[in-house]
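Coordinates in review
So you can see what is in the structure, the chains are spelled out below.
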Amino acid sequence: MELFNLLESQYGLPAGLLDSVWSAESGRGRNMRSPKGAEGHFQFMPATAQQYGVADPSDLGQSAAGAARMYADLLKQYGGDLPRALAGYNWGQGNMARKGFEAAPAETRNYIAKVTNAMGQPQARAPQQDAPSDDWATLNAQFAPGSTRSTQESDPWAELGAKFAQPVPTDAPRARAARSEVGATTAAPSTSFGRRAQTAALPLVGPTLAALDINPDMPAIAKGIASGFADLGNTIINRGTKVGADIWAGIDDPYGLMDPRLKRPAANLTNLVTGEKPMSQAERENAVRAASLEDFNRENASAWFSGGRLAGNIAATFPAGGVIAAPVRAAAPVLAPLADALATGGFRTGLAPATLAGRVGNVALRAAGGSATGGATAGLVNPDDAAVGAMIGGVLPPALQGVNKAGDLAGRAYRALAVSPATAAARSVLDVGGFTTPAQIAEVQAALRAQGPAIVGESPTVSQILQNPEISQLERTVRNTPGGAPALIARDQAQNAARLNVLNDVASVAADLPAARTNFGNTIAPRAADARNAASKAVRQAFDAVDPLNDTQFYLPLPEMEAAKAKFLGPGTFGTGSKAQSAIDTATGMGTEMRPRTSLTGSDTVRKTVPFQTVQNLRSSIGEAAEQARMRGANKEAAALESMKADIDNRVNLVAAGKGDAAENFPADIVAQWRKAIDLHADKQNRFARGPQAGMFRKGGDGNYAVEGGELAPKFFSPRLSQSEDIEALKRMRLGTPVIDSLKSYATTDASRRVTGDGTLRSKAFNDWLNAHGGAVRGLFDDGERARLTGVGVDLKRASDARDLGRATGSNTSQNVQNALGLGMLDSRAVNLLASRTPFVGKFTGPMLDALRESAKRGKAGRLGGLLSDPAELDRAIADYLSQSVRGPGLLGHDSQTVPFLLRSSPLLASDRS
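Described below are features of the structure shown in this document. From a predicted model like this one, the values you see are computed outputs, not experimental measurements.

Considering all chains together, one arrives at 29 salt bridges under this definition. As a salt-bridge pair, Arg28 and Asp19 come within 2.5 Å of each other at their nearest N and O atoms. For Asp340, the salt bridge identified is with Arg329, shortest N-O distance 3.1 Å. With Asp340 in helix H18 (residues 336-343) and Arg329 in helix H17 (residues 320-331), this pair connects stretches of sequence that are 11 residues apart. Here Asp340 falls in the buried class, since its relative accessible area comes to 18%. A network of salt bridges, in which partner residues are shared, links Arg607, Arg651, Asp661 and Glu664.

Next up on the list: the packing of aromatic side chains. The full count for this structure, using the stated rule, is 14 aromatic pairs. Summarising the aromatic geometry, the rings of Phe44 and Tyr89 are spaced 6.2 Å apart at their centres and angled 70° between planes, so their arrangement reads as edge-to-face. In this pair, Phe44 is assigned in the loop between helix H2 (17-26) and helix H3 (46-51) and Tyr89 in helix H5 (residues 82-91), connecting sequence segments 45 residues apart. Across the pair, Tyr89 and Phe44 agree in class, each one buried. Measuring from ring centre to ring centre gives 5.9 Å for Phe520 and Phe716, while their planes differ by 70°; the resulting arrangement is edge-to-face. Linking Phe520 in helix H26 (residues 513-544) with Phe716 in helix H32 (residues 712-716), this pair joins segments that are 196 residues apart in sequence. Like Phe520, the residue Phe716 is buried in the burial classification. Ring-pair connections join several aromatic residues into one group, and the members of that group are Phe554, Phe612, Phe666 and Trp674.

Next up on the list: the nonpolar core. Soluble globular proteins: nonpolar side chains tend toward being buried together. Counting residues in each nonpolar core, the largest one holds 80 residues, and the members touching the most others are Phe42, Tyr71, Ile524, Phe717 and Leu743. Looking at this core element by element, the count peaks at 10 residues for helix H4 (residues 60-77). Setting aside anything within four residues of it in sequence, one finds Phe42 in contact with Phe4, Leu18, Val21, Trp22, Glu25, Leu60, Ser63, Ala64, Ala67 and Tyr89. Judged by nonpolar contacts, the second largest core, of 33 residues, contains Ile584, Ile622, Phe666 and Ala677.

This part takes up the packing of H17 against helix H19 (residues 356-381). Direction vectors running N to C along H17 and H19 enclose 125°, while the axes themselves pass 9 Å from each other. Between H17 and H19, the interaxial angle falls into the category oblique. Regarding H17 and H19, the two cross each other, and that crossing is right-handed. Facing Ala320, Gly321 and Ile324 of H17, the residues of H19 in contact are Ala372, Thr373, Ala376, Thr377 and Leu380. Considered class by class, the residues forming the contact of H17 with H19 number five nonpolar, three polar and no charged.

The rules we used
Residues numbered from 1 in each chain as written. Predicted model: local features only at pLDDT ≥ 70, side-chain atom pairs only at ≥ 80, totals over all residues. Heavy atoms only, no water. Salt bridge = Lys/Arg side-chain N within 4 Å of Asp/Glu carboxyl O. Helix = DSSP H or I, 4+ residues; strand = E, 2+ residues; numbered from the N terminus. Buried < 20%, exposed > 50% of the residue type's maximum accessible area, 1.4 Å probe, protein only. Phe/Tyr/Trp six-rings, centres within 6.5 Å; stacked < 30°, edge-to-face > 60°. Core = buried A, V, L, I, M, F, W, Y, C linked by side-chain atoms within 4.5 Å. Contact = heavy atoms within 4.5 Å. Axes fitted to C-alpha atoms, helices over the stretch in contact; angles between N-to-C directions. Parallel < 35°, antiparallel > 145°, perpendicular 65-115°, else oblique. Left-handed = near helix turned anticlockwise from the far one by under 90°. Nonpolar A, V, L, I, M, F, W, Y, C, P; charged D, E, K, R; others polar.

Here is the structure:
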């Protein structure tokens, strides 16, 4: 891409680097945001994007330019070592500084390989930490989605397993025989896979059965499910038919309004003999259908069929609670808790009572809802089992609630005993910050693990990363607690040293500011003097070459010079003007002559021409006289002399343009040389007579130069409105890199003095310095150097913001922080009274308790300080905390839908399915 080629050429990057990094970071624009928060084509973290001027990371031009500048800095930092630059970009410069290139993780090594291979560069790897990593990477690439391989190729997974499996002693012939037996008795892989897929598709229990490689009889289950639904239909139809026949039994129907199939006949002799009640035609049909269903159940009887039948019963009766609850809910809002109990089979009422009586009432409400729903559920399958179902439904929810609470308390007690001090401290940090849900904790871990390119190669503290007021206040409190400060102070010092190192890397920081000023003065003064002398010599030689043979002829502008004197030094002027009069007298002597008219009439004064060199000498003398007049304060005389010099220049220009008198002569070739001399003189004036450097060559009345030595540095690098022009004036002198570098050194030394009493850089002072010297910084430093200076400011601002967030006191947050530093039983008032007030022994146990409490508080503050100062350590402690706190949801937990579903169906187990 032409954009990348231009940027690589501009910043001296290896060919193909940007395109390869673009592919590795965002898939050439297909993945514009990472889980860690990196954005855009080159995956910049927000702070780094700001440091490198990438306002819109999704803009390819901005993002590529930022990446180019970043890689230019990285290559410079690591001495042109491309693998280390890639590691710094991917893994972070802080990790590189602390852990070293050799400790780079597999992700970073693979990143280096991916980028360098795509560039066609030789791959340089860190020593392998995990021997088979390359084999696994190759294997994953080969079998990634979309890859293909021939069926004739060997199985790499088998080869890899054989290569890295533990050796197991075995008898070869016996092993071959065993494999033959297994091969003969095992079903084809495709068939086994198909069965597992079908099993996994089963609701609720399917994934578990598939994992255990248990293959159910799917046809039997399907028949059982159909039978389960038929049980419900059979009960509803039978019960409805019986109720209809009972209603019509005592009613005479002379008009034939009743369906004859529902009419139950009167009892006859057969009924008396058999003892059976008379049945209507519909009842007899129902009996036949029931018998047919029983035959179907007997014919298909099996464990899988019974399981399917139970599943069918559960699915068919599951809406029963909602159906019963609907009219109750509609009757009155006050009955909503009862409706919830009915709808959920007693597992929820929507109430959270705080009193003992309220809790007892809530349990009774759960029992009532479970009993009603359980009786209805069991009765729908078999009316004879309704009572047993009601009993099970009423007892089960309260009982399981108690079991759930007991298990939860036991689990908490165990975890409290098993948890390590570091894990407990991590939990305290999360609690103080309000990070309680799994999603919030995951966000915290992602933030702690984010390692994008960074200007300051030192890890931030936890409060600087999270920018959370509660965490900042915790850090502030821990700093002020004995034992908590050392780790945080060490991190502060390391960060400050890293920031100062960035300044020193941009330009060498001198021992103190006067030394930096003196160094600049000593560097620029001799070079500027030599350069100005060389320019003056070139100007003189150019003017000497204008008319070496005196072929030119000019009239001096005597009337104009007289007019200039009269204008500035007219009547009433005294004590000055001698130099102006000397200039006129000299010009008159050279530019006129006496010519006789006749022997009787005397002579006349007439003008005469002079050569260019005479004109130039007169002009130069007038200029020196003007400078001397200005130095002694004779400003009017100086103005008159400057006007005379301008008159001479106008006359020469007039003749050069061919508008002089006939006697004047200024040939074209001589004019060209004269204009060249004029240009050289103008360039000299522009280089040395304009800008702060003018004072270096202008002496005051005391004979000393106006600006010299240590005064020069703040003249060129200053917060004045003219700061940009001052830097350009320095560059115009063209004095070479040493002068520029010495001024940069003065600037970074000046910046490094924006510190507190203990030598720590202050955020506001440093960023104010950056803002005040913005024009000078832009003119003096290149893009990479400016990015690093700005990066120090951003890093300081982040730390300052984190500190300021922790200044609130007297709030709930403050109480939470104190709780985090609490010592549990050691802080108990009862323990304190027991240890201090017990007769005889109190004078010993009291001080012992105080010492123990002080030691425990120091230890806890130290652990919290260590975690808050080290994001990686906190991340590990959080991971330990999560692994130690993993537990299944309570039996009645809201996060489990399967268990309540099955337990609500428990009353169905009372139904007779024989």
